[in-house]
Amino acid sequence: MDSGPLRDLLEFPPDDIEVVYSPRECRTLVSAVPEESEMDPHVRDCVRSYTEDWAIVNRKYHKLGTGFNPNTLDKQKERQKGLPKQIFESDEAPDGNSYQDEQDDLKRRSMSIDDTPRGSWACSIFDLKNSLPDALLPNLLDRTPNEEIDHQNDDQRKSNRHKELFALHPAPDEEEPIERLCVPEVPKEHFGQRLLVKCLSLKFEIEIEPIFASLALYDVKEKKKISENFYFDLNSEQMKGMLRPHVPPAAITTLARSAIFSITYPSQDVFLVIKLEKVLQQGDIGECAEPYMIFKEADAAKNKEKLEKLKSQAEQFCQRLGKYRMPFAWTAIHLMNIVSSAGSLERDSTEVEIGTGERKGSWSERRNSSIVGRRSLERTTSGDETCNLTSFRPATLTVTNFFKQEGDRLSDEDLYKFLADMRRPSSVLRRLRPITAQLKIDISPAPENPHYCLTPELLQVKLYPDSRVRPTREILEFPARDVYIPNTTYRNLLYVYPQSLNFANRQGSARNITVKVQFMYGEDPSNAMPVIFGKSSCPEFSKEAYTAVVYHNRSPDFHEEIKIKLPATLTDHHHLLFTFYHVSCQQKQNTPLETPVGYTWIPMLQNGRLKTGQFCLPVSLEKPPQAYSVLSPEVPLPGMKWVDNHKGVFNVEVVAVSSIHTQDPYLDKFFALVHALDEHMFPVRIGDMRIMENNLENELKSSISALNSSQLEPVVRFLHLLLDKLILLVVRPPVIAGQIVNLGQASFEAMASIINRLHKNLEGNQDQHGRNNLLTSYIYYVFRLPNTYPNSPSPGPGGLGGSVHYATMARSAVRPASLNLNRSRSLSNSNPDISGTPTSPDDEVRSIIGSKATDRSCNRMSSHTETSSFLQTLTGRLPTKKLFHEELALQWVVCSGSVREAALQQAWFFFELMVKSMVHHLYFADKLDAPRKNRFPERFMDDICALVSTIANDIVSRFQKDTEMIERLNTSLAFFLNDLLSIMDRGFVFSLIKACYKQVSSKLYSLPNPSILVSLRLDFLRIICSHEHYVTLNLPCSLLTPPASPSPSVSSATSQSSGFSTNVQDQKIANMFELSVPFRQQHYLAGLVLTELAVILDPDAEGLFGLHKKVINMVHNLLSSHDSDPRYSDPQVKARVAMLYLPLIGVIMETVPQLYDFTETHNQRGRPSCVTIDDYESEGGSMISQTVAMAIAGTSVPQLTRPSSFLLTSTTGRQHSTFSAESSRSLLICLLWVLRNADESVLQKWFTDLSVLQLNRLLDLLYLCVSCFEYKGKKVFERMNSLTFKKSKDMRAKLEEAILGSIGARQEMVRRSRGQLERSPSGSAFGSQENLRWRKDMTHWRQNTEKLDKSRAEIEHEALIDGNLATEANLIILDTLEIAVQTVSVTESKESILGGVLKVLLHSMACNQSALYLQHCFATQRALVSKFPELLFEEETEQCADLCLRLLRHCSSSISTIRSHASASLYLLMRQNFEIGNNFARVKMQVTMSLSSLVGTSQNFNEEFLRRSLKTILTYAEEDLELRETTFPDQVQDLVFNLHMILSDTVKMKEHQEDPEMLIDLMYRIAKGYQTSPDLRLTWLQNMAGKHSERSNHAESAQCLVHSAALVAEYLSMLEDRKYLPVGCVTFQNISSNVLEESAVSDDVVSPDEEGICSGKYFTEAGLVGLLEQAAASFSMAGMYEAVNEVYKVLIPIHEANRDAKKLSTIHGKLQEAFSKIVHQDGKRMFGTYFRVGFYGTKFGDLDEQEFVYKEPAITKLAEISHRLEGFYGERFGEDVVEVIKDSNPVDKCKLDPNKAYIQITYVEPYFDTYEMKDRITYFDKNYNLRRFMYCTPFTLDGRAHGELHEQFKRKTILTTSHAFPYIKTRINVSHKEEIILTPIEVAIEDMQKKTQELAFATHQDPADPKMLQMVLQGSVGTTVNQGPLEVAQVFLSEIPNDPKLFRHHNKLRLCFKDFTKRCEDALRKNKSLIGPDQKEYQRELERNYHRLKEALQPLINRKIPQLYKAVLPVACHRDSFSRMSLRKMDI
């Protein structure tokens, strides 16, 4: 194959691995190294370790593997640049109130609807003719051959496509992917949080002498000084001048006034302490400070003379005592107050403006809560509130008070007491009299790289542009607790702290004492070294330092810090010398200035170790004798005089900060022994021991094992050196006493234990794989193979310098016996787990397909053999030189017990060491170009095999016990194999992988719950597949021939037959698409990945649900990394890569039944039933992904049933567990990627082989894809943005806790799966199978957690991406559909799948699509129709209807390109239909129906655009020359005009969009207009049903459905005479009396046999049954169960006739449900509330003076409907215009304001005549089929509403409506109105009857309700109200009326009262039986009242009207009456 991108796919690049020596970054301008040229070996090694280059092994392409190339958001942003904006109609259309302006105009116009439902034809045609068409498509009408059309379409579709699909799809939400390894951090010097302190000025009230200051940090809690001192000098030049004679010229390094402090463990206990000193003078500190306290600056003029005197005194002292200091004053600043301003010190702090304009806060002003800072390296102890110094507002402090230093309180102990006291509110210090002064200090976080900085050793830090600038000093930190960071720079400092001296018992004058400190390299006074750092304004280094003097104190304390630069190499003569002087302050004759009064010293080395710590030294009175320096002063030297009898009187502390001296005895001993070997110097002195050569081996071994006892801190500090030395001992065993000593085992153990110590103690320092980052850095940067030849320059810069005393010989073929070689051999023979040699690894896969064998045979192979033979001749014996990786592998294989355990715990470390060692070995031996088979000896490969095998065995056998460790071990092993793939023979590594797989598989079969092990295996595989050459490893280019070599294949899941076993002509193609044995042998890793996927997704896989997401993410991750990989950007190459994944298509096809059903959420299908969050209900369309919804709702993912359109033949009958939306989406995007990038011809061949069933399954998948990647729309993004969890953060935290528990997710998962994988209802492993994590933002709408609201731009960007993804996904689907169609055309069979193709196409048209996609989609659709016209017009009639609907919908699009394509498609459709049968009735009818349903249902439908499209169609018809002579153009014109008419109707509907009643009225009228066209009437009835159910008017919706059914029944009965079918409308009368309107009796009824009439899907028996079932369901939802029964009465005969027992059983079940609900809900059902609404006023247009009865939901209050209507019309006409008439009196039009609109609303009740009450018994009867309603209006004759009893009349108004309620609309016109007027006495009769009824009801209620009874009784008997019964009786019954007409009324009232009293008595009796003893009195009271009432009523009741009874009595005597009665009885 020629070179080029495909060739690169075949072979590893030649420069795959490089070994890089990269110089280490040095902070300082010159690197820190000792000045001496001669160094001892230890120092030399340390320095080398701190300066040598980093040795880095770089896999050049590593960054392209998935581990380093995650599909992160930023990466994606980069790849998403330059995306075109896709145009979507949903975004273009203005918002919901889109047509606001139009709307407003319309509102202002009158609201009339013409009486005819259609406006005049003429005007509508006129409108149409004058409108403009859209652009016509060129060449649309040409007869082009189909092939050519296909070709053009294909070209257009393929141009300008987005290259990378995954760039558009957000990465799945996962925690750190398992394969991610970060490049370790470069080891560097440790700094804590850094603080910049600038000292600006120091001013006292008087300025008479220089003052010297120092700053340091102290930690009160730890009682520790945590920084060295920073000395600064703010004196004026004049003041400095006073010291001229004593001070040599100052070095610029000592002039710093700003310092950077580092604080590793910031806490509330840190203080900044400032100490001041002045020149020594006579008098104690108090006297000297007095002037500073009493003089004020303001009075300077007054006190001029005194000040002059003070000044002159000061000058004298400066001249005489200028080199001595005395303590003066101090103060402290509580650092955290400034940083966090948590509280303020009681100080006046002033606000200071700094020149830069940056505002600085004073302490008191800046208080916020204490900031919690980063965790320090180790977890800080719980008590600490940590503090953050990295980000506070810079502050300028003005310290105004200093405390006078007490001479006896100088020690640190005293200072800590003071500081602790300062934090208390009642500080002792407050009571002291302060020294007032002004010290200004700036404190701010240190900048990243400040200029002009000096290190503590005074080296210039980089970026030091000019040496003359005043520097900033970096102040060395003494961390409060241990810091575990390896040394990386040379540092060697000593700090000396003289603490106290006790000369109380010394004879002689010694009072003003100072100590002179010197660092000596010999005993002569001239041997003092200039290594003492200067303080401020002095030279850099001096030879001596003096302590400050406390006046007249024989036992002074000191607070000095003396900083010394230690020489790199110390000898026994180096020592510290202390000389004590008495200073005489007064000038006396012949008294010297200073008198020595004592001497003492400290030798620096003791037995070769640096001597540091606390010392209490005796002091000698005379100069020490010769050769004193090697001894300690504690040794009593003869003839010397000592103070206080040689007791210790001088306390001093010596502290070293050194990266040379370990200060740990165990480390010291180990390094000393190693260096002794190096130098070959015996005996070795270590401590008090002398070790001879013969003893060395034991000592060395014991010192190695004793490393365990050393302190952790020094071990970490010297980690690099320590590991280097241990490795050196392994590689070059030392020769001791002529014997080679093998230390491999000891070193291996030591390494294992050190690494485990680090792991245990430094938990905070680990990455997600448990790798300690100190160790990863060591391996990555520091470790290198020690120089393998003696004394030769090291290969590659900076190898470890070797020396002759190491035996160096090539490793002989026979291993040294000490290695138990035989044991290891026998081990591999006896232990079956450790395999021998793998049988022929595939010769690097036949030397990579034979192409490379020639060009690179063996260049630069400097073989070792020559060297070794050469050495042999030299020395006479074969030296050993071991290769580290070989030795390591061997040690590891043979180790056992605790050592093995330790190594397993941290296997990653040894694996990584081994790999780096192997690479270095190849590099040095020039083998990086050698063929991989010859790189390593077989022995080593055996060891690796054994190692991998035993470790795999550990994983399999221990994963349940040591879960966490095994997890780490598993990933370590996988990374190791991944690394080996880069350096060893690939076949060999594959055999290792295979061996691991075998072990896992054999274990899996025996496990009850395999998911943990499978999960581990997934991690393992995912890491291996993250290799950057994964594709090359899979041999993408070889076509599947049977493999010649037995390359590995996976035995665990032998070739699953994917159900694709059709009779295949070409086995090769099937092999490419199935996980067949050849496929898995050829593409080994891809085979493993896809097999895992197939196994885990298999619905029968027990207990693997929890791994779905994991395995899908693995595949997604691989594909997305291929997608963005620059190496595979060439489409040819990508096709090869895609070939590796062809079986994925099959695997996903198998999972179709389990995929999440995206179609359910699709708007056209209604919302999925399971979204339970109310907030989204109102939003229309479910917008929150289901899984999220479920997680919020606390349930798991529901079982989603499929819509019936999914013809899935799920092989097993059982219910599958559904994948989550996120997993399904990931799977589908993978599918699309493969379909997009695979070779089309291959796909087509395969399609040809598939069975129809399988092709249909693939089409179902594509159907799902369409819904899955549908564009959500900008508005949805905005809405989601505003909705997305507006919960507070703590809520989110609680949720996380709840969902995840608070452990890391990986351990968590393991923990969960260990014991508790019971199946939860969703069939997932735990809760919801995606263990949803809030932590990461949710799947595709990544919501940024921190700032809840996204910016506009972000939303725009999201919408842009989503739009492009939707477009690209749909275009891929379209490409695939085209391939499927070609398959049909080519094979001329399988036409049956075309229906499926069409279904997917139509579905995609129905979704929200971009204009770009739609153009291509319509082109494909036109081609499809022209190829297979009979498909639409003969077979798939429903599809034809659907297509018409979709095309029309797009004809009304707001985007012109979409319109012109849609109208072209529609025109061609008519034309093709016409050509088949000379008329296009079918399309005509479908289009008309579609338009009607579109108009009825679509919200944002714009008739203007549709009018354009209609015009376009007309234009096509006019220009169509071919059909000019036929009837076609006229038919088109007819159709278009008809459509236009419907449109005009809908314009009106649009006006009433907001007015539901009006809208339904209008739809009702349109439907009425279609009385003659059953199909359209049906459409409109269904539109109405839809509108009703949207508004939850289920009863009305049911009525619409019943009407529809009746209509269908009418036509069916004309078509076919079947006994069991309903006869027509009549059958439905029982359901509703309104149904008769549907009867087809008028003359213009079309006969149903005409072409295109009644051909809709509903005009069939099945259609009828469907409508009735829907009606029953709606009735049931409305609670009208009686009607349900009536509906089923019609249905049952149909099912009985069809012998459909299943349906019948369902129906009877539903009936039982209905009837039992009637029983249970007795008295609890509410159907509706009715109101009369009258409209008055011309504004209402044709509503004016109309009256309606409105049906409102049950329990609607008058106020509610009134508010609704008033609000609605108010908005329409203006609030001031609308007025509600409050009463229900007849309205007089003349009295109304003509400019206003009046609404009168009255509550009405159903009204029944007495005869009707016989039939209307139940509540349902009284609320169904209602036509009459009544309301009452009280009035008096003089116009008031209410008056006295005798003048109170009542008007009853009875309204009759034109139809019965419930009807197909919620308001019905009032067709008739009658009024009845009741006279006052009739009103009284009604009232009394009502009262009596109430009493009767309350008395007989069962169960009895005493409360109710007492209420009614109280109102009847106990009433004292005026209009109580008594008053009624007195008004109407007290005298007989004059008017005989009133006699009957009078009598009726009298009888009422009789009945009333009787009822009262019953009620009292009943009450008596119910009450308890507490109500006895109440009962008596009631009875008394009753008797009173009865007495009062007695005379009135008994007075009869004689006239009434005279006439009647004789008649009553007639015998005849008996016969009459008996007759009556018989009638009954």
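Residues numbered from 1 in each chain as written. Predicted model: local features only at pLDDT ≥ 70, side-chain atom pairs only at ≥ 80, totals over all residues. Heavy atoms only, no water.

1. A closer look at the overall build of the protein
Helix and strand counts for the protein come out as 68 helices and 36 strands. Relative to its 2028 residues, the protein shows a buried fraction of 57%. By sequence separation, contacts in the protein at least 24 residues apart represent 79% of the contacts at least 6 residues apart. Summing over all exposed atoms, the protein offers an accessible surface of approximately 86,100 Å²; the carbon and sulfur share of this is 52%. (Helix = DSSP H or I, 4+ residues; strand = E, 2+ residues; numbered from the N terminus. Buried < 20%, exposed > 50% of the residue type's maximum accessible area, 1.4 Å probe, protein only. Contact = heavy atoms within 4.5 Å. Areas by Shrake-Rupley, 256 points an atom, 1.4 Å probe, with all protein chains shown as cover.)

2. As for the sheet that holds strand E18 (residues 544-546)
Reading across the sheet, the 4 strands line up as E18-E15-E20-E21 and stay open at both edges, with antiparallel pairing between neighbours. The strands lining the two open edges of the sheet, one partner per strand, are E18 and strand E21 (594-603). Averaged over all adjacent pairs, the angle separating strand axes in this sheet is 20 degrees, with direction ignored. One ladder, built from 9 bridges, connects strand E20 (residues 575-583) with E21; its direction is antiparallel. Looking across to E21, one finds that Val583 is bridged to Glu594. (Pairing = 2+ DSSP bridges. Axes fitted to C-alpha atoms, helices over the stretch in contact; angles between N-to-C directions.)

3. Some remarks on the packing of helix H45 (residues 1352-1387) against helix H46 (residues 1392-1406)
Two packed helices can be described by the angle between their axes and the distance between those axes. At a minimum axis distance of 10 Å, the contact between H45 and H46 shows a crossing angle of 160 degrees. It follows from the interaxial angle that H45 and H46 lie roughly antiparallel. The interaxial crossing formed by H45 with H46 has left-handed handedness. Contact residues: H45 offers Asn1370, Ile1373, Leu1374, Leu1377, Ala1380, Val1381 and Val1384, while H46 offers Ile1393, Leu1394, Val1397, Val1400, Leu1401 and Ser1404. Broken down by class, the residue content of the contact of H45 with H46 amounts to 11 nonpolar, 2 polar and no charged. (Parallel < 35°, antiparallel > 145°, perpendicular 65-115°, else oblique. Left-handed = near helix turned anticlockwise from the far one by under 90°. Nonpolar A, V, L, I, M, F, W, Y, C, P; charged D, E, K, R; others polar.)

4. Focus on the environment of Val550
You can see Val550 is positioned in the loop between E18 and strand E19 (562-565). In this structure, the C-alpha to C-alpha distance between Val550 and Gly283, residues 267 residues apart in sequence, is 9.6 Å. Setting aside anything within four residues of it in sequence, one finds Val550 in contact with Pro327, Gly407, Leu410, Arg511, Asn512, Pro556 and Asp557.

5. Here we look at a nonpolar patch on the surface
A grouping of Val630, Leu631 and Val635 is seen on the molecular surface, where their side chains present a nonpolar patch of about 210 Å² in accessible area. Assignment of secondary structure puts Val635 in the loop between strand E24 (613-618) and strand E25 (648-658). Among the residues examined, Val635 registers a relative accessible area of 35% and is labelled partly exposed. (Patch = residues over 30% accessible without salt bridge, like charges linked within 9 Å, V, L, I, M, F, W, Y side chains within 5 Å. Salt bridge = Lys/Arg side-chain N within 4 Å of Asp/Glu carboxyl O.)

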